[in-house]
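# Observations on the model geometry
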Amino acid sequence: MSIMKEFREFAVKGNVVDMAVGIIIGVAFGKIVSSFVADVLMPPIGLLIGGVDFTNLVITLKAAEEGVEAVTLRYGVFLQSVFDFIIVAFAVFMAVKALNSMRRKEAETPAAPPAPSAQEQLLMEIRDLLRPK
């Protein structure tokens, strides 16, 4: 089997396509959550703790010199990323929890018994006709 044919079979399998769609949606969802955290949640939190903008929180390890930028430890950006992660993880957890509860409800609902086959139907009619009245 040629490599291209083998790759084509691999790429068109449902799992690969589903995974690609999930990754694309996840990236878009991550951008939305990052914007929500940075633009909606963090300003009020910064205001509550004294107007601190987390992205500006840095520790200068070496001051800037002529032609050389300062060496800084930007822990505020790290904190921002941690908040983003926590919110994304919580949102994904809630989505998975909702899906699991819907699946459990479907599993709890008993399926309707299958309709009797034509042969069974005929035998039931014969039984009913032979039953004493």
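Below is a summary of the structure that appears in this document. (Residues numbered from 1 in each chain as written. Predicted model: local features only at pLDDT ≥ 70, side-chain atom pairs only at ≥ 80, totals over all residues. Heavy atoms only, no water.)

A few words now on the overall build of the protein chain. Along its length, the protein chain carries 4 helices and 2 strands. N-terminal to C-terminal, the α/β element order of the protein chain is α-α-β-β-α-α. Taken against the 2.2 N^0.38 rule, which gives 14 Å for 133 residues, the C-alpha radius of gyration of the protein chain at 31 Å runs more than 25% over that of a compact globule. With respect to the principal axes defined by its C-alpha atoms, the protein chain has extents near 110 × 55 × 20 Å. Across the 133 residues of the protein chain, 8% fall into the buried class. (Helix = DSSP H or I, 4+ residues; strand = E, 2+ residues; numbered from the N terminus. Rg over C-alpha atoms; globule rule 2.2 N^0.38 Å. Buried < 20%, exposed > 50% of the residue type's maximum accessible area, 1.4 Å probe, protein only.)

As a further point, take a nonpolar patch on the surface. Where nonpolar side chains cluster on the molecular surface, the patch consists of Ile59, Leu61, Val71, Leu73 and Tyr75 and spans about 440 Å² of accessible area. Among the secondary structure elements, those contributing two or more residues to the nonpolar patch are strand E1 (59-62) and strand E2 (71-73). Of note, Leu73 is situated in strand E2. (Patch = residues over 30% accessible without salt bridge, like charges linked within 9 Å, V, L, I, M, F, W, Y side chains within 5 Å. Areas by Shrake-Rupley, 256 points an atom, 1.4 Å probe, with all protein chains shown as cover. Salt bridge = Lys/Arg side-chain N within 4 Å of Asp/Glu carboxyl O.)

As a further point, take helix H3 (residues 75-108). For H3, built from 34 residues, the straight-helix expectation of 50 Å at 1.5 Å per residue is met to within 8% by its first-to-last C-alpha distance of 49 Å. Every buried residue of H3 is listed here: Gly76, Gln80 and Asp84. (Expected span 1.5 Å × (residues − 1).)

Applying the stated criterion to the full structure yields 2 salt bridges. Among the ionic pairs, Asp128 bridges to Arg127, the shortest N-O distance being 3.2 Å. Given a relative accessible area of 39%, Asp128 falls into the partly exposed group. Judged by its relative accessible area of 44%, Arg127 falls in the partly exposed class. As a salt-bridge pair, Asp128 and Arg131 come within 3.8 Å of each other at their nearest N and O atoms. Assessed through its relative accessible area of 46%, Arg131 is described here as partly exposed. Connected through shared salt-bridge partners, Arg127, Asp128 and Arg131 make up one network.

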